[in-house]
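Residue-level structure breakdown
Here are the chains, one letter per residue:
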Amino acid sequence: MAKAGTTTSARPRPPGGGEPALARSRADLEGLLHSLPLEHNQTRAVVMTMGALHAGHSELIRAARARADQLIVTIFVNPLQFGPREDLSRYPRTLDADLETCAREGADIIFAPAIVHEAPPAVRVCAGPLGDLLEGASRPGHFDGVLTIVATLLHLTRPQLAFFGKKDAQQLVLVRRMVRDLAFPTEVVGVSTVRAPDGLALSSRNSYLTTHQHQAALALSRALAVGVSVADEGADVVLEAAGNVLASEPGIDVDYLTLASPDDLTPVRTGQALLLVAARVGTTRLIDNIELTLPEEAG
Ligand code: PAF
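Residues numbered from 1 in each chain as written. Predicted model: local features only at pLDDT ≥ 70, side-chain atom pairs only at ≥ 80, totals over all residues. Heavy atoms only, no water.

**Section: the overall build of the protein**
Under the convention used in this document: Per the convention used, a helix needs a DSSP run of H or I reaching at least four residues, while a strand needs a run of E reaching at least two, with both numbered from the N terminus. With C-alpha atoms as the basis for the radius of gyration, the globule rule is written as 2.2 Å multiplied by the number of residues raised to the power 0.38. Working rule for contacts: check all heavy atoms of both residues, and any pair within 4.5 Å makes them a contact. Residue burial considers only the protein chains on display, and all accessible areas are found by Shrake-Rupley using a 1.4 Å probe. Charged residues are defined narrowly, with Lys and Arg counted positive, Asp and Glu counted negative, and His plus the chain ends left uncounted. To locate a charge, the coordinates of NZ of Lys, CZ of Arg, CG of Asp or CD of Glu are taken.
A count of helical and extended segments in the protein gives eight helices and nine strands. The C-alpha radius of gyration computed for the protein amounts to 20 Å, which stays within 12% of the reference 19 Å derived for 299 residues, consistent with globular compactness. Considering only C-alpha atoms, the protein reaches an extent of 65 × 45 × 40 Å along its principal axes. Long-range pairs, those at least 24 residues apart, make up 72% of the contacts in the protein with a sequence separation of at least 6. Surface exposure of the protein reaches about 13,800 Å², of which carbon and sulfur atoms provide 54%. Positive and negative charge centroids in the protein, built from 27 and 34 side chains respectively, lie 6 Å apart.

**Digging into the nonpolar core**
Rules: We define a nonpolar core as any set of buried Ala, Val, Leu, Ile, Met, Phe, Trp, Tyr and Cys residues linked to one another through side-chain atoms lying within 4.5 Å. Relative accessibility under 20% of the residue-type maximum defines a buried residue, over 50% an exposed one, and the middle range a partly exposed one, all with a 1.4 Å probe and only protein chains included.
With 44 residues, the main nonpolar core has Val 150, Leu 154, Phe 164 and Met 178 as its most contacted residues. What Leu 154 contacts, discounting residues up to four positions off in sequence, is Val 46, Met 48, Pro 159, Ala 162, Met 178, Val 179, Phe 184 and Thr 186. Among the nonpolar cores identified, the runner-up in size contains 28 residues, and Val 230, Leu 246, Ala 279 and Val 281 belong to it.

**What to know about the sheet that holds strand E8 (residues 271-281)**
As a reminder, the rule being used: What makes two strands pair is DSSP finding at least two bridges between them. Angles here are taken between N-to-C directions and fall from 0 to 180 degrees, while the axes themselves are lines fitted to C-alpha atoms, restricted in helices to the stretch in contact.
A sheet is described by the order of its strands in space; here three strands give the open sequence E7-E8-E9, paired in antiparallel fashion. Bordering the open sheet on either side are strand E7 (253-260) and strand E9 (284-294), each of which pairs with just one other strand. Averaged over all pairs of adjacent strands, the angle between their axes in this sheet comes to 10°, without regard to strand direction. The pairing of E7 with E8 spans seven bridges and is classified as antiparallel. In the strand pairing of E8, Ala 260 is matched with Leu 274.

**Observations concerning the pattern of salt bridges**
Which entries qualify depends on this criterion: Salt bridge, as used here, is a side-chain nitrogen of Lys or Arg placed within 4 Å of a carboxyl oxygen of Asp or Glu.
Summed over the entire model, instances satisfying the criterion amount to 14 salt bridges. In this structure, Glu 86 engages Arg 139 in a salt bridge whose closest nitrogen and oxygen atoms are separated by 2.8 Å. On the criterion of sequence distance, the pair formed by Glu 86 in the loop between strand E3 (70-75) and helix H3 (95-105) and Arg 139 in the loop between helix H4 (134-138) and helix H5 (142-157) is long-range, its members being 53 residues apart. Its relative accessible area of 28% is what places Glu 86 among the partly exposed residues. Residue Arg 139 is classed as buried on the basis of its relative accessible area, which comes to 10%. Between Asp 181 and Arg 177 there is a salt bridge; the shortest N-O distance is 3.2 Å. Taken together, the positions of Asp 181 and Arg 177, both in helix H6 (residues 169-181) and four residues apart, correspond to about one turn of that helix.

**Overview of the site of the ligand**
Spelled out, the test is: One heavy atom suffices: a residue is near a molecule or strand as soon as one of its heavy atoms comes within 4 Å of it. Pairs of N or O atoms are called polar contacts if they sit within 3.5 Å, as long as, within protein, a hydrogen donor faces a hydrogen acceptor (for residues adjacent in sequence, only side-chain-to-side-chain pairs). Each residue is assigned to one class: nonpolar for Ala, Val, Leu, Ile, Met, Phe, Trp, Tyr, Cys and Pro, charged for Asp, Glu, Lys and Arg, and polar for all the others, Gly among them.
If you check the shell around the ligand, you find Met 48, Thr 49, Met 50, Asn 78, Gln 81, Ile 149, Phe 164, Asp 168 and Gln 171 and nothing else. Gln 81 is positioned such that a nitrogen or oxygen atom in its side chain is 2.6 Å from an oxygen atom of the ligand. Contact distances for the ligand include 2.7 Å between an oxygen atom and a side-chain N or O atom of Gln 171. A per-class count over the shell around the ligand returns four nonpolar, four polar and one charged.

**Some points on the sheet that holds strand E2 (residues 44-49)**
If you trace the six strands from one edge of the open sheet to the other, you get E1-E4-E3-E2-E5-E6, paired in parallel fashion. This sheet does not close on itself; its edge strands, each paired only once, are strand E1 (21-23) and strand E6 (187-191). Sheet twist, expressed as the mean angle between neighbouring strand axes with direction ignored, is 25°. Two elements, E1 and strand E4 (residues 109-111), share three bridges in a ladder whose sense is parallel.

Note that every value here comes from positions in space, so none of it alone points to a role or purpose.
Take a look at the structure:
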């Protein structure tokens, strides 16, 4: 993997077109950005990840590659977004394979630091009330931790474009909101969820599932698909049909199933909506969502 070199300008690099440069520290990254400056009108994109890259991340990287002259992928398991009883130490770490994926998909720079903050930051981004809903209700402080690292990484990478997966719908809404409210000069782009052939939304946490739990977890995507199939019949029918699918799977413990606005996650009963689900399968918490259109309510 190449390190910071002499100055050349950013150039579109086709997927598989050579070695990305690897930055293992903030200073490395700064050096690389200095030696690979953008020319006028060129764009830089960032894809932020916690590693354990799968086909969903590849899709994000490809979407970013297609729109940017220079592509940075960050790999950092962010301690700030894990609660005291969450899985920070057992979070999968697969750096060598991740570096290969980034190279294959055409990243120019990989930022994989051991630490981002010298010490836990005393000043943090507060997600506000949106951060207390849904995932935030079960994971207090999670989105403050996410937004604090996302803000830091946006400052360090200075991209025009930042790509995030739609699977983490609440994260996407909050990142968009932070970028707007705090005037980051970055466009946030949402990328569709990638699913395994059996329907399971790809997630690094799927690696925790036993074969039996994997089968049980399929109830989430099945419930969403059933919900979409009855969207024309309105919100109550959607929730009932999807809820029945979840209720018939004893191997999962549902946290929420709800319809919410894709813009601000407020509850919706008509128009564009997200059907969102979260459930525990064994000790693994899984989330999924799907977009649908609900009819106007009669009367
Ligand atoms: O979606 C993730 O993997 C993380 O929440 C992110 C955006 C990389 C921040 O740590």
